[in-house]
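Secondary and tertiary structure notes
Listed below, chain by chain, are the residues.
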Amino acid sequence: MHTVRFFVLSFLLLSFTSCDVDTTQKTGKRNWQLVWSDDFDGVVSTLPDAKKWAFDIGNSGWGNSELQYYTNKPENVALDGSGNLVITARKESFGGAAFTSARIKTQGLFAQKYGRFEARLKTPYGPGIWPAFWLLGDNINEVGWPQCGEIDIMELRGQQPNVIHGSVHGPGYSGGNAITAPHGLMNSRYDSDFHVFAIEWNEDSIDYYVDDYLYHRLKKSEVKGTWVYDHPFFIILNVAVGGNYVGFPTDQTPFPQKMIIDYVKVYQEN
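Right, let's walk through the structure included here. (Residues numbered from 1 in each chain as written. Predicted model: local features only at pLDDT ≥ 70, side-chain atom pairs only at ≥ 80, totals over all residues. Heavy atoms only, no water.)

Notes on the overall build of the protein
- Broken down by element type, the protein carries 1 helix and 17 strands.
- For 270 residues, the compact-globule estimate of 2.2 N^0.38 gives 18 Å, and the C-alpha radius of gyration of the protein, at 17 Å, lies within 12% of that figure.
- When its C-alpha atoms are laid out on the principal axes, the protein stretches across 45 × 40 × 40 Å.
- Within the protein, buried positions represent 53% of all 270 residues.
- Considering only contacts in the protein between residues 6 or more positions apart, those separated by 24 or more positions represent 74%.
- Here the protein displays about 11,600 Å² of accessible surface, and carbon together with sulfur accounts for 48% of that area. (Helix = DSSP H or I, 4+ residues; strand = E, 2+ residues; numbered from the N terminus. Rg over C-alpha atoms; globule rule 2.2 N^0.38 Å. Buried < 20%, exposed > 50% of the residue type's maximum accessible area, 1.4 Å probe, protein only. Contact = heavy atoms within 4.5 Å. Areas by Shrake-Rupley, 256 points an atom, 1.4 Å probe, with all protein chains shown as cover.)

Description of the pattern of salt bridges
- Under the defined criterion, the tally for this structure stands at 10 salt bridges.
- With its nearest N and O atoms 2.7 Å apart, the salt bridge here joins Asp207 to Arg217. In this pair, Asp207 is assigned in strand β14 (residues 205–210) and Arg217 in strand β15 (residues 213–219), connecting sequence segments 10 residues apart.
- The network of salt bridges with common partners includes Arg30, Arg116, Glu118, Glu200 and Asp212. (Salt bridge = Lys/Arg side-chain N within 4 Å of Asp/Glu carboxyl O.)

What about the sheet that holds strand β12 (residues 179–184)?
- Spatially, the 7 strands line up as an open sheet ordered β2-β7-β16-β9-β10-β11-β12, and their pairing is antiparallel. Among the strands making up the open sheet, the edge pair consists of β2 (54–56) and β12. Each adjacent strand pair in this sheet contributes to an overall mean axis angle of 20 degrees, direction not counted.
- Both strand β7 (residues 103–105) and strand β16 (residues 233–241) contribute to a ladder of 3 bridges, which runs antiparallel. Counted as the bridge partner of Ile104 is Leu237 from β16. (Pairing = 2+ DSSP bridges. Axes fitted to C-alpha atoms, helices over the stretch in contact; angles between N-to-C directions.)

What about the side chain of Glu66?
- The topology assignment puts Glu66 in the loop between β2 and β3 (68–70).
- An unpaired buried charge is present at Glu66: no salt bridge exists, and Arg103, the closest side chain of opposite charge, is 4.8 Å distant.
- Within the structure, the side chain of Glu66 is placed 3.0 Å from the side chain of Asn64, a separation counted as a polar contact.
- A polar contact is formed between the side chain of Glu66 and the side chain of Gln68, at a distance of 2.8 Å. (Lys, Arg positive; Asp, Glu negative; His and termini not counted. Polar contact = N/O pair within 3.5 Å; in protein donor to acceptor, adjacent residues only side chain to side chain.)

Examining the environment of Ala78
- For Ala78, the location among the structural elements is in strand β4 (residues 77–79).
- By relative accessible area, Ala78 is classed as buried at 7%.
- Contacts of Ala78, omitting those with residues within four sequence positions, involve Ser45, Thr46, Asn84, Leu85 and Val86.

Focus on unusual backbone geometry
- Of the consecutive residues Trp145 and Pro146, the connecting peptide bond is found in the cis state with omega at 10 degrees.
- Looking at the secondary structure, you find Pro146 in the loop between α1 (140–143) and β10 (150–156).
- One non-glycine residue with positive phi stands out, namely Tyr114, at about 70 degrees.
- Here the phi dihedral of Asp211 falls at roughly 50 degrees; this positive angle occurs in a residue that is not glycine.
- Tracing the backbone through its elements, the reader meets Asp211 in the loop between β14 and β15.

Quick look at the nonpolar core
- Judged by nonpolar contacts, the single largest core of 50 residues is most densely connected at Phe133, Ile151, Tyr229, Ile235, Leu237 and Val264.
- Sort the elements by how many residues they give to this core and β16 lands first, with 5 residues.
- If near-sequence neighbours (up to four positions away) are discounted, Leu237 is found in contact with Trp53, Ile87, Ala102, Arg103, Ile104, Leu121, Ala132, Phe133, Met259, Ile261 and Val264. (Core = buried A, V, L, I, M, F, W, Y, C linked by side-chain atoms within 4.5 Å.)

A short note on the packing of aromatic side chains
- Using the criterion set out here, one finds 14 aromatic pairs in the structure.
- Ring centres of Trp227 and Tyr229 lie 5.0 Å apart, and the angle between their planes is 80 degrees; on these two criteria the pair is classed as edge-to-face. Taken as a pair, Trp227 and Tyr229 share a single burial class, namely buried.
- Above the face of the Trp36 ring, Lys52 is positioned so that its terminal group lies 6.0 Å from the ring centre.
- One cation-aromatic arrangement involves Lys73 over Phe94; the distance from NZ or CZ to the ring centre is 4.4 Å. (Phe/Tyr/Trp six-rings, centres within 6.5 Å; stacked < 30°, edge-to-face > 60°. Lys NZ or Arg CZ within 6 Å of the ring centre and 35° of its normal.)

See the structure below:
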């Protein structure tokens, strides 16, 4: 979620090994066991399950000069009564900020080392809108960032609603020097429909998927810095407004903007 460098995007990168889009990619079947999930079933306008999710609250800028005040108000984060969680960014004055939104996390409630982490969601869009599904090392309070490690499973610059990025931040490659890869949709946008964003993570690599299509493999041996992905990480979902990665919202940014999350699931390999 921290600032990343946008490398040259070519839709040719959609193919992992060739110039043709491979719609029948085969990466080998793994035996995954579901160990944690939230389907966001519940009563409309209620907060997500407190046994699974905690909140980050405030308008500190969160290390990225973000403009919103994160709240735990149902207007910013609530179940929709149809099996979804909705995080809503609003243009409203609150607590000294010009916008409100929400950021939820499993810190202190759930963390895991290795496995498959996935979410099915529909992104918001618009200049200055920054949705993300990501992980942070649960030792962050002891070692700080980026020593704890950060794995961005999905983040999107709202002014480019057809392109997402998968990234890692660690010692020697953080902020604007993060290791990152894009994935673009040719004839659609990520706010038009639900998509499944996932990583499969083991001791030697992190694979990035969109709708079960492998678009990026990060190998430990290729990281020019310290590999810090060998301890449990917790989950974060948020929608930021403004910040170093996306810049300011404009008059063309429609509000409110919603990230709609169908589910989050975490697996371990048998």
